[in-house]
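# Examination of the molecular architecture
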Amino acid sequence: MAWTNQIQDATYTSPSGKIFSFKYSSGINKETDLKTATFTFPEKDGALVVPMGIGGKRFPLTCTFHGENCFDDADAFEAGLCEKGYGELQHPVYGIHKVVPTGTIKRSDDTVNGLNQSVVEITFSETIIDESFPESQILKVDEIASESDSFEIVASDYYVSEVEVEKMKPNETIKAGASLKENARIVFETTIEPYKKDTEFYSNGDQIYNELLDCCDKYSDNADRASVLFVKLIKLPSTLGVKSVDKLNNYSLTASKVIKNFINDPFNTIDLKNAVAASRLLLQAIAVSAASGIAITSTQRGSQIDNPAVFRSRDEAEHAVQLIIDIYNKVCDFCDSNTAKNIFVDDDNGFGLMRDIVTHSVESILQFSFTLQSRKVITLGRDRQLWELLAELYNGFDKADEFIVDNKLTAEEIELIPMGRQVVYYV
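Residues numbered from 1 in each chain as written. Predicted model: local features only at pLDDT ≥ 70, side-chain atom pairs only at ≥ 80, totals over all residues. Heavy atoms only, no water.

## Some remarks on the overall build of the protein chain
From N to C terminus, the protein chain includes 12 helices and 10 strands. When each of the 427 residues of the protein chain is scored for burial, the buried share is 41%. A fraction of 72% describes how many contacts in the protein chain between residues 6 or more apart in sequence connect residues 24 or more apart. For the protein chain, the exposed surface amounts to about 23200 Å²; the carbon and sulfur share of it is 51%. (Helix = DSSP H or I, 4+ residues; strand = E, 2+ residues; numbered from the N terminus. Buried < 20%, exposed > 50% of the residue type's maximum accessible area, 1.4 Å probe, protein only. Contact = heavy atoms within 4.5 Å. Areas by Shrake-Rupley, 256 points an atom, 1.4 Å probe, with all protein chains shown as cover.)

As structure tokens, then:
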């Protein structure tokens, strides 16, 4: 077939199904990444290069729109490029491909020398859309974050529908607001105040807390706003850059105190259903925040020395998962016990969403844990020099700074680590 018969019209179909046709500049090209692994060996010249398949393809195009409607056509094309999802490119030479627009959209309109045309430059990158393809950690974290945001709305809406403020008597609204206020105090003291030294974080928490207290004092008019602020206050510490185990212990302690506060019922709340609704809202928010926050912060890559929230080892990740499950079970026990007493009928949306978030977070953390090293602890049988020990444990000295920080070595120990000293390393 002659090459002239192989050239097709250039079109892009956006994720929403809109089809855009455009002209293109000469000199079209494509780029294909080749995946390889290179290995070098001591005392041997050259390198072993192993082919590992084909990477993505990229199709940079300069798209031109002509005519009296060129501005409108280019505007619509830009909007199509900004849609989320996968599109389809019919390339004039290289065939049809599922693509995602990448890089920078460059728009040019020369109103002097280029009248009657608009130019848009964009690179289309071929993408895999097979659902069986392993989902990336980033996509999982984004999904968990989205579910957590949804829970904030669903849980708050359900709480407002349960308490039925319009049907409450004045003394009942006062007691319901006071009960919520007491739980807010527990949350603030247990999850916000421990990190008071972080002035920006503490200022944000204090602002939400004081606004929540004001809503509780005017509960009959602000029950919906109070519930939203309640969840926001609980969620705030979840993504703080501190050790995951510390955050989880604080959340677990908060849950225990809330359950104890409900049992003691210090405000002698008449309407037990409202008290359950308030405690249930808080406890489920704790489970969601603990699970999603740890999944988001601890599985992010970065300098593990500078970011204490990032897991250092598989052991840390597995321990965090167990703490999350313990918190989840504690919340489920509370909800189940009060459902059994016919105090309220559980809502599938809120409870189901909590369960899904915890499940997805645990799965994400466990999957990430397989990429981590194992933590090893040894007791030195003799005095050891630091560099000698590093060479034995790590086959080099690249981990020197991390090793010193992990083991909190003193200046004297950096010179000579004494016999009987326990040291930690990762393999």
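Once the structure has been displayed, the description carries forward.
## Examining the pairing of strand β10 (residues 422-426)
On any regular strand, side chains alternate: one points to one face of the sheet, the next to the other face. Across the five residues of β10, four count as buried, placing the element largely inside the fold. Taken together, the five bridges between strand β9 (residues 375-379) and β10 define a ladder with antiparallel strand orientation. Note that in β10 the partner of Val 377 across the bridge is Val 424. (Pairing = 2+ DSSP bridges.)

## Considerations on the nonpolar core
If you look at the biggest cluster of nonpolar residues, it comprises 75 residues, and the most contacted ones within it are Tyr 219 and Met 354. Of all the elements in the fold, those that place two or more residues in this core are α2 (137-163), α3 (170-192), α4 (199-217), α5 (219-235), α6 (244-264), α7 (272-298), α8 (314-340) and α9 (348-369). Among the elements that take part in this core, α7 stands out by supplying 15 residues, more than any other. Those residues within four positions of Tyr 219 in sequence are excluded, and the remaining contacts are Tyr 159, Val 163, Val 165, Met 168, Thr 173, Ala 176, Gly 177 and Leu 180. With 17 residues, the next largest nonpolar core counts Tyr 12, Phe 20, Cys 70 and Ala 74 among its residues. (Core = buried A, V, L, I, M, F, W, Y, C linked by side-chain atoms within 4.5 Å.)

## A word on the packing of helix α10 (residues 386-394) against helix α11 (residues 400-407)
Relative to each other, α10 and α11 sit at 105 degrees, their axes nearing to 11 Å. With respect to α11, the element α10 is oriented roughly perpendicular. Only Ala 400, Phe 403 and Ile 404 of α11 make contact with α10, whose side of the interface consists of Leu 386, Trp 387, Leu 389, Leu 390, Leu 393 and Tyr 394. The residue makeup of the contact of α10 with α11, split by class, is nine nonpolar, no polar and no charged. (Axes fitted to C-alpha atoms, helices over the stretch in contact; angles between N-to-C directions. Parallel < 35°, antiparallel > 145°, perpendicular 65-115°, else oblique. Nonpolar A, V, L, I, M, F, W, Y, C, P; charged D, E, K, R; others polar.)

## Observations concerning the side chain of Ser 156
As for its position among the elements, Ser 156 is in helix α2. Looking at Ser 156, the relative accessible area reads 2%, which means it is buried. Those residues within four positions of Ser 156 in sequence are excluded, and the remaining contacts are Phe 151, Ser 227, Val 228, Val 231 and Leu 281.

## Quick look at the pattern of salt bridges
Considering all chains together, one arrives at 18 salt bridges under this definition. Arg 58 is the salt-bridge partner of Glu 31, the closest N and O atoms lying 2.9 Å from each other. With a gap of 27 residues between them, Glu 31 in strand β4 (residues 31-41) and Arg 58 in strand β5 (residues 44-66) connect regions that are remote in the sequence. Owing to a relative accessible area of 36%, Glu 31 belongs among the partly exposed residues under this scheme. Each of the salt bridges in this network shares a partner with another, and the network as a whole consists of Asp 75, Glu 78, Arg 107 and Asp 109. (Salt bridge = Lys/Arg side-chain N within 4 Å of Asp/Glu carboxyl O.)

## Notes on unusual backbone geometry
In this model, Asn 395 sits at a positive phi of 60 degrees, which is unusual for a non-glycine residue. Tracing the sequence through the fold places Asn 395 in the loop between α10 and α11. The phi dihedral of Lys 408 falls on the positive side, at around 50 degrees, and the residue is not glycine. Tracing the backbone shows Lys 408 in the loop between α11 and α12 (411-415). For Lys 408, a relative accessible area of 70% gives the class exposed.

## Things to note about a nonpolar patch on the surface
A cluster of nonpolar residues, Ile 7, Tyr 24 and Val 93, forms a patch on the protein surface that exposes about 230 Å² of accessible area. Of note, Tyr 24 is situated in strand β3 (residues 23-24). (Patch = residues over 30% accessible without salt bridge, like charges linked within 9 Å, V, L, I, M, F, W, Y side chains within 5 Å.)

## Some words on the packing of aromatic side chains
Inspection of the entire model under this criterion finds 12 aromatic pairs. Residues Phe 188 and Tyr 202 carry aromatic rings whose centres are separated by 5.8 Å and whose planes lie at 50 degrees to one another, so their mutual orientation is tilted. Here the residue Phe 188 occupies a position in helix α3, and Tyr 202 occupies one in helix α4, the gap between them amounting to 14 residues. Pairwise contacts between aromatic rings join Tyr 12, Phe 20, Phe 22, Phe 65, Phe 77 and Phe 124 into one cluster. (Phe/Tyr/Trp six-rings, centres within 6.5 Å; stacked < 30°, edge-to-face > 60°.)

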